[in-house]
Amino acid sequence: MKNFSSNKIIAKSKFWNILKKTQKLKKKNGSIIVIEKLYERKNSFIKIFGIWCKVKIKNGFVNLFKEYRDFVKTGAVEQLYIELAGRFKTNPKDILILRVEKIHEIESTKNNIKQFLTKKLSYPMKQYFLKKL
């Protein structure tokens, strides 16, 4: 199971909370064998990641699908945490990440991602003039 958390203690806590909710497994009936930090090789190519998550808000739980452009999965997950903290005022402990996958450009559904996929993408060049003193 992949768990996105800041340290080992929070990772253990999230792991047992997920198992308690999904598998009805208690802490006394299981054990954690290994906790490892996974490193992903950082390429110079931007990828599109799709994140399926469950978020606890005031009215209950909401299932969400979000798309982010980033170099690595952890960067996309950080963007998710920041966006949901701004939109729904949620803590990272209230966000349950179900799946993170790399998505091909054709499968992208969100408009804010599609705008960067055109071949003729160009950015405006602003000219800066130095003032003479």
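Look above for the structure.
Because the structure is predicted, anything quoted here is derived from the model rather than measured. (Residues numbered from 1 in each chain as written. Predicted model: local features only at pLDDT ≥ 70, side-chain atom pairs only at ≥ 80, totals over all residues. Heavy atoms only, no water.)

## Considerations on the layout of surface pockets
For step 1, the next point in the chain: A volume near 1100 Å³ is recorded for the largest pocket.
For step 2, the next point in the chain: Looking at the largest pocket, it is lined by 30 residues, and the ones nearest its centre are Asn-3, Phe-4, Ser-5, Glu-36 and Leu-38.
For step 3, the next point in the chain: Only helix H1 (8-22) and helix H2 (73-87) provide two or more residues apiece to the lining of the largest pocket.
For step 4, the next point in the chain: Tallying contributions element by element places H1 first for the lining of the largest pocket, with 6 residues.
For step 5, the next point in the chain: Taken together, the residues that form the lining of the largest pocket break down as 15 nonpolar, 5 polar and 10 charged.
For step 6, the next point in the chain: Sorting the residues of the lining of the second largest pocket by element identifies H1 and strand S3 (95-103) as the ones contributing at least two each.
For step 7, the next point in the chain: Examining the composition of the lining of the second largest pocket, we find that 6 residues originate from one element, H1, more than from any other.
For step 8, the next point in the chain: Here the residues of the lining of the second largest pocket sort into 8 nonpolar, 3 polar and 6 charged. (1 Å grid on protein atoms, 1.4 Å probe; cavity = no way out; pocket = protein on both sides within 12 Å on 5 of 7 lines; lining within 4 Å. Points joined across faces, edges and corners; volume = space filled by probe spheres on them. Helix = DSSP H or I, 4+ residues; strand = E, 2+ residues; numbered from the N terminus. Nonpolar A, V, L, I, M, F, W, Y, C, P; charged D, E, K, R; others polar.)

## Quick look at the sheet that holds S3
For step 1, the next point in the chain: Spatially, S2-S1-S3 is the arrangement adopted by the 3 strands of the open sheet, whose pairing is antiparallel. Edge strands, defined here as strands with exactly one partner in the open sheet, are strand S2 (60-70) and S3. The mean angle between the axes of side-by-side strands here comes to 20 degrees, regardless of whether they run parallel or antiparallel.
For step 2, the next point in the chain: Alignment of strand S1 (residues 47-57) against S3, held across 8 bridges, turns out to be antiparallel. What sits directly across from Cys-53, in S3, is Ile-97.
For step 3, the next point in the chain: Relative to the sheet, H2 contacts S1, S2 and S3, its axis offset from that of S2 by approximately 130 degrees. (Pairing = 2+ DSSP bridges. Axes fitted to C-alpha atoms, helices over the stretch in contact; angles between N-to-C directions. Contact = heavy atoms within 4.5 Å.)

## Comments concerning the side chain of Thr-90
For step 1, the next point in the chain: Among the structural elements, Thr-90 can be located in the loop between H2 and S3.
For step 2, the next point in the chain: A residue is classified by how much of its surface remains accessible, and Thr-90, at 7% relative accessible area, is buried.
For step 3, the next point in the chain: Of the polar contacts made by the side chain of Thr-90, one reaches the backbone oxygen of Leu-84; its length is 3.4 Å.
For step 4, the next point in the chain: Each residue touching Thr-90, except ones within four places of it in the same chain, is listed here: Val-55, Lys-56, Ile-57, Leu-84, Ala-85 and Ile-95. (Buried < 20%, exposed > 50% of the residue type's maximum accessible area, 1.4 Å probe, protein only. Polar contact = N/O pair within 3.5 Å; in protein donor to acceptor, adjacent residues only side chain to side chain.)

The quantities given are spatial measurements derived from coordinates; they are silent on function.
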